[in-house]
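# Architecture at a glance
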Amino acid sequence: MNATAPNSVWTPQGWRGDASGERIVPGIANLHSHAFQRAMAGMAERQTNPADSFWTWRETMYRFAARFTPEALYAVAAQLYVEMLEAGYTSVCEFHYLHHAPDGRPYADRAAMSRALIAAARDTGIRMTLLPVLYMTGGFDERPLGERQRRFGHEVDAYLRLLDTLRVEQDATLRVGCCLHSLRAVPPAPMREVLAALPGDSRVHVHIAEQVAEVEDCVAVRGARPVRWLLDNAAVDERWTLVHATHLDDGEVQGIARSGATVAICTTTEANLGDGLFPLRDYLDAGGHWGVGSDSHISVSPVEELRWLEYGQRLATRRRNIAVSVGADGSDSVGETLLRGVAASAARSTGFAAAELAGDRLVLDRDAPIFAGATDGDYVDRWLFSGNRNLVREVFVAGERVVADGRHRDGEAIARRYGETLRALLTD
Ligand SMILES: [Zn+2]
């Protein structure tokens, strides 16, 4: 098997295989991940009360988070990143808030948990944008962090020192950005202080407007909806990624689009948590940038994220083929339109240059029955909308092959360690 990255060809109509007839697509950037949550995926699907919601799910998540050591985080993240690579994600924005020991005290190496994630990315070969999270308060009323939130917390100085420490590690496949957990966890003054201290090209990610209760609390305390407040109080531009942004009014849709920021839509997690439906069509009409993330990892599949991004809109509107924008450079293919959308936001959200990301490619299994009789013009739609078998055959990151014949090069050993780690996590 050829181990060099094949060339994909861009045309105004989309990606085309090279002369070898291979079916090639760009690697997908995963714009939002909390790696540790992979270990609890599927374990919060029992009703605890008839009003179960994001907030009751969060209780399970907090109990789980309390058990993680750097070693456990490394094992879980490595397994997750193998799954991401095999599914076609070639880069991950890791939104990392599990900083300290379970009692809230910093580890001797304050970056120990961050280093576990970096090691997992390097050992598996996935490209990473590490986003250490600033998490300071337990609500818009600025109450102190609760007992189970203490391991997430930083004061501004310690947080900026952590970023300085981690930036030293940056290399061809690692970037370190900045992350505000949410408006409810970062008061206005420290937000401004941190943003003012960042290097000019630093990426900034923030959870925003995922929950109706969060929108209502923000209005009550800060006098504006969260996205409106952020646009009015921070210089939001193309370096910013707004995660979820589910609950938007028309002005906020227009405001995000005008700012140049990217929205990270986490379709399967938002569905799993009952968050709500992102106003995709209005946002596309406004010219907004967007990408996808697997967030809680209830699903680790760009195919499922993109498919259900479109399907959610179809169910809500009782129409079909919603995401396409047929125009001067548009495509009437839903699949190609979705793929272009995620490719266009990858550089601005991850902080890697588009030229660097060009080395991240997927070779699909052209011999799969789903591709029988496929043409250059329809294979992307078949890949994204037809069947459930993983059709990713080879994965290249920065030109290096990390998946061959659908399997990660170190998948078996990593899965064994993950199994041992999870058994210990669940029985301790
Ligand atoms: Zn999240």
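Here the structure is shown first, and the text comes after it.
Each value, and the rule that gives it
- Residues numbered from 1 in each chain as written.
- Predicted model: local features only at pLDDT ≥ 70, side-chain atom pairs only at ≥ 80, totals over all residues.
- Heavy atoms only, no water.
- Phe/Tyr/Trp six-rings, centres within 6.5 Å; stacked < 30°, edge-to-face > 60°.
- Helix = DSSP H or I, 4+ residues; strand = E, 2+ residues; numbered from the N terminus.
- Buried < 20%, exposed > 50% of the residue type's maximum accessible area, 1.4 Å probe, protein only.
- Lys NZ or Arg CZ within 6 Å of the ring centre and 35° of its normal.
- Donors = N, O, S within 2.8 Å, 3.2 Å for Na, K, Ca; no water.
- Expected span 1.5 Å × (residues − 1).
- Contact = heavy atoms within 4.5 Å.
- Pairing = 2+ DSSP bridges.
- Core = buried A, V, L, I, M, F, W, Y, C linked by side-chain atoms within 4.5 Å.
- Salt bridge = Lys/Arg side-chain N within 4 Å of Asp/Glu carboxyl O.
- Axes fitted to C-alpha atoms, helices over the stretch in contact; angles between N-to-C directions.
- Left-handed = near helix turned anticlockwise from the far one by under 90°.
- Nonpolar A, V, L, I, M, F, W, Y, C, P; charged D, E, K, R; others polar.

## Some thoughts on the packing of aromatic side chains
According to the stated counting rule, one finds 10 aromatic pairs in the structure shown. Judged by centre distance (5.2 Å) and plane angle (90°), the rings of W308 and Y311 are edge-to-face. Of this pair, W308 and Y311 both sit in helix α11 (residues 302-317), 3 residues apart, which is roughly one turn of the helix. The class of Y311 is partly exposed, set by a relative accessible area of 24%. Aromatic ring contacts, followed pair by pair, group F36, Y62, F64, F68, Y97, Y135 and F152 into a single cluster. Positioned over the ring face of F352 is R127, at 4.7 Å from the centre of the ring. R314 extends its terminal NZ or CZ atom over the ring of F385, reaching a point 5.7 Å from the ring centre.

## Things to note about the coordination of the zinc ion
The protein atoms donating to the zinc ion are H32 (NE2), H34 (NE2) and H207 (NE2), with metal-donor distances spanning 2.1 to 2.2 Å. Mapped onto the sequence, the residues coordinating the zinc ion show the spacing H-x1-H-x172-H. The exposure class assigned to H32 is buried, which follows from its relative accessible area of 0%.

## Points about helix α1 (residues 54-65)
Here α1 spans 16 Å end to end across 12 residues, near enough to the 16 Å set by a 1.5 Å rise per residue. Within the span of α1, buried status applies to F54, W57, R58, T60, M61, Y62, F64 and A65. Here the buried face of α1 lies against α9 (267-273) and α15 (411-427).

## Brief notes about the pairing of strand β14 (residues 392-397)
With 6 of 6 residues buried, β14 is to be regarded as a mostly interior element. Note: β14 against strand β15 (residues 400-404), 3 bridges, orientation antiparallel. Its bridge partner being in β15, F396 is matched across the sheet by R401. Hairpin geometry of β14 and β15 is characterised by an intervening segment of 2 residues between the two adjacent antiparallel strands and by a positive phi of about 50° at A398.

## Side note on the nonpolar core
Soluble globular proteins: nonpolar side chains tend toward being buried together. With 137 residues, the main nonpolar core has F68, Y81, L230, W240, W290 and W383 as its most contacted residues. If you tally residues by element for this core, the top one is helix α2 (residues 70-87), at 11 residues.

## What to know about the pattern of salt bridges
Here the structure, examined in full by the defined rule, presents 25 salt bridges. Residues D164 and R167 are paired through a salt bridge, measuring 2.9 Å at the closest nitrogen-oxygen approach. Highlighted residues: D164 and R167, both in helix α4 (residues 156-167), separated by 3 residues, approximately one helical turn. Its relative accessible area of 47% is what places D164 among the partly exposed residues.

## Comments concerning the packing of α2 against helix α3 (residues 112-124)
Where α2 contacts α3, the two axes come as close as 8 Å, and the packing angle between them is 35°. Where α2 crosses over α3, the two elements pack in a sense that is right-handed. Only A112, M113, A116, L117, A119, A120, A121, D123 and T124 of α3 make contact with α2, whose side of the interface consists of P70, L73, Y74, A77, A78, Y81, V82 and L85. For the contact of α2 with α3, the per-class residue count stands at 15 nonpolar, 1 polar and 1 charged.

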